[in-house]
Amino acid sequence: MRIAVDAHRIAHFPRSSHCRYLLGMLPHWQNDPRISEVILALPRSAEKLAFPQELDGLSKIRKEFGESARNPTMGLGNLFYFHQVDIPAILKRTKPDVFLSTFHLCPFFTGGVPVVTTIHDLCPLDYQIDSLGWLKWRETHRFQLWTACLKSRLLIAVSKFTASALKTYCPRKADSIRMVHNGFDCPESKPSPLPHENYLLWVGELGYRKNPELALDTLAALLPQNPQLRLRCVIPARDRTEAEAMMKQRNLCGHIDWESNIPEQRLDELYRQACALIVPSRCEGFGYPILEGISRGIPSLGYRRTPAIEITGNTLDLPSELSPSAFAASIQKVLNLTQDERASLSRSLIERAGTFTTHRMATQTADVLLEACQTKSQALSHPSITPHT
């Protein structure tokens, strides 16, 4: 089986979730006897950029560049051009058996090549925010989902949560949905050898979806009982000014540390030394930070009505409300654990994380791609995207 993959972000944004998804599978596809070649469909703008080290030595991987100099990561027009002009040209030139769209905007013309699209996240379709910017973002995602339903033979959802949302928005494609959880391989699958410090960790960017205000309000709710507790936040450098304003507004100066643009080794240390990871997102398609946390044996607490419950299983008492009191109560239970209880919980979390490996993700995704090659087309001629209620 020869696979072509939309890899337009792999050089421009190597640490994005889309790239993490793809880079987690490629080394395993190298060793999969069912796969003879993987063609990375790339924009010409990435030709002179450095590619991730994970691609080194992978003989089955071949890079194919589009003809246009447009950068698809710089504006919706460029992105649309890459998918509707460059990718069809690459497919015509390379003639793969199947095309995997890792970003749910599909080319309309594939020359008969079956398409499988991975749906990472439909959360923007749920947001009820009255602003022109949010309306534009929501309708863009709606159009992208429409193209995925229109052209895809099969759809991969990265969680049960996303699969359920996909069935709600496009019920006529329900039989074409396959659920494959994302995967992550922790560099060290044993309880952290580093002593835990008295801080909570939050990793993300400011915005409605990630809900950073709740992380700060939860810290404020915990401080009366835990006056030495701190919150360490890993955020993009562009968010620093806004983040510090939020901190000052809540009189939390001296209790919060901000870090940006840190190397993987430093992020690993922050995970391993945290007493808990707080993930107060309103919505997630999957939730890599939670998996990264539990793989290091760190209690990682997210909203129960997100994929957090799929990742942690019954190992943690997740908050059932998006409120400071609910999150504070769940975190306080973790803070009150004895050393032996903490060690036992860490072992359970690492064992749980071991079921979400990149090998499993790569194998199951290859299964879906092979199924698409062998299945008659089920793409809808006129898919309907129904509003979520």
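Residues numbered from 1 in each chain as written. Predicted model: local features only at pLDDT ≥ 70, side-chain atom pairs only at ≥ 80, totals over all residues. Heavy atoms only, no water.

(A) How the structure looks around the packing of helix α5 (residues 212-222) against helix α10 (residues 324-335). Packing of α5 against α10 leaves a shortest axis separation of 8 Å and a crossing angle of 60°. Compared by their axis directions, α5 and α10 come out oblique. Classified by chirality, the crossing of α10 by α5 is right-handed. The segment α5 lies against α10, with L214, D217, T218, A221 and L222 engaging P324, F327, A328, I331 and Q332. Residues that form the contact of α5 with α10 fall into these classes: 7 nonpolar, 2 polar and 1 charged. (Axes fitted to C-alpha atoms, helices over the stretch in contact; angles between N-to-C directions. Helix = DSSP H or I, 4+ residues; strand = E, 2+ residues; numbered from the N terminus. Parallel < 35°, antiparallel > 145°, perpendicular 65-115°, else oblique. Left-handed = near helix turned anticlockwise from the far one by under 90°. Contact = heavy atoms within 4.5 Å. Nonpolar A, V, L, I, M, F, W, Y, C, P; charged D, E, K, R; others polar.)

(B) Up close: the side chain of R342. Residue position: R342 is located in helix α11 (residues 339-353). No salt bridge is formed by the buried R342; its nearest oppositely charged neighbour, E341, is found at 10 Å. In contact with R342, not counting residues within four places along its chain, are H196, A274, C275, I298, P299, V334 and L337. (Buried < 20%, exposed > 50% of the residue type's maximum accessible area, 1.4 Å probe, protein only. Lys, Arg positive; Asp, Glu negative; His and termini not counted. Salt bridge = Lys/Arg side-chain N within 4 Å of Asp/Glu carboxyl O.)

(C) Highlighting the sheet that holds strand β3 (residues 61-65). In space, the 7 strands of this open sheet follow the order β3-β2-β1-β4-β5-β6-β7, with parallel pairing throughout. Where the open sheet ends on each side, the last strands, each with one partner, are β3 and β7 (177-179). Averaged over all adjacent pairs, the angle separating strand axes in this sheet is 25°, with direction ignored. In the sheet, strand β4 (residues 98-101) pairs with strand β5 (residues 115-119) via 3 bridges, with the strands oriented parallel. Looking at β5, one finds that F99 is bridged to V115. (Pairing = 2+ DSSP bridges.)

(D) Focus on the environment of P43. Inspection of the secondary structure puts P43 in the loop between β2 (37-42) and β3. Given a relative accessible area of 0%, P43 falls into the buried group. Put simply, P43 and S68 are 25 residues apart on the chain and 7.2 Å apart in space, counted from C-alpha to C-alpha. P43 has contacts with H8, H12, F65, G66, R70, P72 and F82, leaving out every residue within four places of it along the chain.

(E) Looking closely at unusual backbone geometry. Located in the positive-phi region is K95, a residue other than glycine, with phi close to 50°. Here K95 is to be found in the loop between α2 (76-94) and β4. Overall, the relative accessible area of 60% leaves K95 in the exposed class. Of note in this structure, N261 is not a glycine but carries a positive phi near 50°. Tracing the chain through its elements places N261 in the loop between β10 (256-259) and α7 (264-273).

(F) Geometry of the nonpolar core. Residues I10, L26, W29, L40, V116, L231 and I256 are the most contacted members of the largest nonpolar core, which totals 90 residues. Considering every element that reaches this core, the biggest residue donor is helix α1 (residues 17-30), with 7 residues. The contact partners of W29, leaving out residues within four places of it in the chain, are I3, V5, I35, V38, K60, L100, A362, T365, A366 and L369. Formed by 25 residues, the second largest nonpolar core is a distinct cluster that contains I90, L91, C149 and A163. (Core = buried A, V, L, I, M, F, W, Y, C linked by side-chain atoms within 4.5 Å.)

(G) Here's a closer look at the packing of aromatic side chains. Overall, the coordinates contain 6 aromatic pairs when judged by the stated rule. Consider the rings of F80 and F108, whose centres lie 6.4 Å apart with planes at 65°: the pair is edge-to-face. Of this pair, F80 sits in helix α2 while F108 sits in the loop between β4 and β5, and the two are 28 residues apart along the sequence. The class for F80 is partly exposed, based on a relative accessible area of 36%. Measuring from centroid to centroid gives 5.5 Å for F286 and Y288, while their planes differ by 70°, and the two rings are edge-to-face. No difference in accessibility class separates F286 from Y288, as the two residues are buried. Each member of the aromatic cluster is reached from another via a ring pair, and the members are F80, F108, F143 and W146. Looking at R20, its charged tip hangs above the ring of Y288, at a distance of 4.6 Å from the centre. If you follow R70 out to its NZ or CZ, it ends over the ring of Y81, 4.2 Å from the centre. (Phe/Tyr/Trp six-rings, centres within 6.5 Å; stacked < 30°, edge-to-face > 60°. Lys NZ or Arg CZ within 6 Å of the ring centre and 35° of its normal.)

(H) How the structure looks around the packing of α1 against helix α12 (residues 358-374). Look at α1 against α12: their axes get within 8 Å of each other, and the N-to-C directions meet at 80°. With respect to α12, the element α1 is oriented roughly perpendicular. Together, Y21, G24, M25, H28 and W29 of α1 and T358, H359, M361, A362, T365, A366 and L369 of α12 make up the contact between the two elements. The residue inventory of the contact of α1 with α12, partitioned by class, reads 7 nonpolar, 5 polar and no charged.

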